[in-house]
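# Topology and contacts: notes
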Amino acid sequence: MDQENTSFSVKLYIYDLSKGMARQLSSVMLGKQLDGIWHTAVVIHGEEFFYGGEGISSCPPGGTFLGHPDSVVDLGETEVTDDLFMNYLTSLGESTYSAESYKLFEHNCNTFSNEVAQFLTGRKIPSYITDLPSEVLSTPFGQALRPLLDSVAITPPGSNSINGRYGQR
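- As annotated in an unreviewed UniProt entry, the protein chain is palmitoyl-protein hydrolase from Clupea harengus.
- Per UniProt, the comment on the protein chain under Sequence similarities (unreviewed entry) is "Belongs to the DeSI family."
- The record held by UniProt for the protein chain lists under Catalytic activity (unreviewed entry) the comment "S-hexadecanoyl-L-cysteinyl-[protein] + H2O = L-cysteinyl-[protein] + hexadecanoate + H(+)".

## As for the pattern of salt bridges
- Applying the stated rule across the entire model yields 1 salt bridge.
- A salt bridge links Lys 11 to Asp 74; the nearest nitrogen and oxygen atoms lie 3.6 Å apart. Linking Lys 11 in strand 1 (residues 8-16) with Asp 74 in strand 5 (residues 71-78), this pair joins segments that are 63 residues apart in sequence.
- Residue classification places Lys 11 among the partly exposed positions, given a relative accessible area of 26%.

## A look at helix 3 (residues 109-121)
- Between its terminal C-alpha atoms helix 3 stretches 18 Å, which fits the 18 Å expected from 13 residues at 1.5 Å a residue.
- One side-chain oxygen at the N-terminal end of helix 3 lies 2.8 Å from the backbone nitrogen of Asn 110; it belongs to Asn 108.
- One or two residues past the end of helix 3 sits Gly 122, with phi positive at roughly 80 degrees.

## Overview of the environment of Glu 77
- Within the secondary structure, Glu 77 sits in strand 5.
- Given the relative accessible area of 46%, Glu 77 is considered partly exposed.
- Between the C-alpha atoms of Glu 77 and Lys 11, which are 66 residues apart in sequence, the distance is 8.9 Å.
- Sequence-distant contacts of Glu 77, defined by excluding residues within four places in its chain, comprise Ser 7, Phe 8, Ser 9, Leu 120 and Thr 121.
- Reaching out from Glu 77, the side chain makes a polar contact with the side chain of Ser 7 at a distance of 3.2 Å.
- Reaching out from Glu 77, the side chain makes a polar contact with the backbone nitrogen of Ser 9 at a distance of 3.5 Å.

## Things to note about the packing of aromatic side chains
- Taken as a whole and judged by the stated rule, the model has 9 aromatic pairs.
- Look at Tyr 51 and Phe 112: their rings are 6.2 Å apart centre to centre, the planes differ by 35 degrees, and that puts the pair in the tilted class. Linking Tyr 51 in strand 3 (residues 47-52) with Phe 112 in helix 3, this pair joins segments that are 61 residues apart in sequence. Just as Tyr 51 is buried, Phe 112 falls in that class too.
- Centre to centre, the rings of Tyr 97 and Phe 112 are 5.3 Å apart; their planes meet at 75 degrees, and the pair counts as edge-to-face. Note that Tyr 97 is positioned in the loop between helix 2 (82-94) and helix 3 and Phe 112 in helix 3, a separation of 15 residues in sequence.
- For Tyr 97, a relative accessible area of 2% gives the class buried.
- Taken together, the aromatic side chains of Phe 49, Phe 85, Tyr 88 and Phe 119 make up a single cluster linked through ring pairs.

Basis of the calculations
- Residues numbered from 1 in each chain as written.
- Predicted model: local features only at pLDDT ≥ 70, side-chain atom pairs only at ≥ 80, totals over all residues.
- Heavy atoms only, no water.
- UniProt positions renumbered as here; feature names shortened; annotations may be inferred.
- Salt bridge = Lys/Arg side-chain N within 4 Å of Asp/Glu carboxyl O.
- Helix = DSSP H or I, 4+ residues; strand = E, 2+ residues; numbered from the N terminus.
- Buried < 20%, exposed > 50% of the residue type's maximum accessible area, 1.4 Å probe, protein only.
- Expected span 1.5 Å × (residues − 1).
- Polar contact = N/O pair within 3.5 Å; in protein donor to acceptor, adjacent residues only side chain to side chain.
- Contact = heavy atoms within 4.5 Å.
- Phe/Tyr/Trp six-rings, centres within 6.5 Å; stacked < 30°, edge-to-face > 60°.

Encoded structure:
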């Protein structure tokens, strides 16, 4: 088969870290309704890739403790091969998405998924996900919680860390 004419499916896995609690409590706590606290990952080449407090990680699709995603968005197709994608991730892991660069509100799993989605397909992830940090921080309660939340690094267990040195899957 001609490798140059092969395309690969790209999916966005969306998880609600609050397991529905944001929908129930956000209007009382923040004064605005939030449908979830979103964690995202990009699935391509049979692996789920995401960014957290340990850097870039991967696992089989749905393979973290989060289990199956709450929703899946089809981002389209790409011609980016597995080798090219792994080289891209290694570069990101050594620079922009190192473990030390993680910031819950500004530089997180969703900024990673958005950048990777654009690299692979030219499409962004849904804005209700990328706008969530600014929505939370625009509230008095969000501002009050920020010092505490800035110290949080989210990394779902059950993954293989890439951290700029991707070896075996």
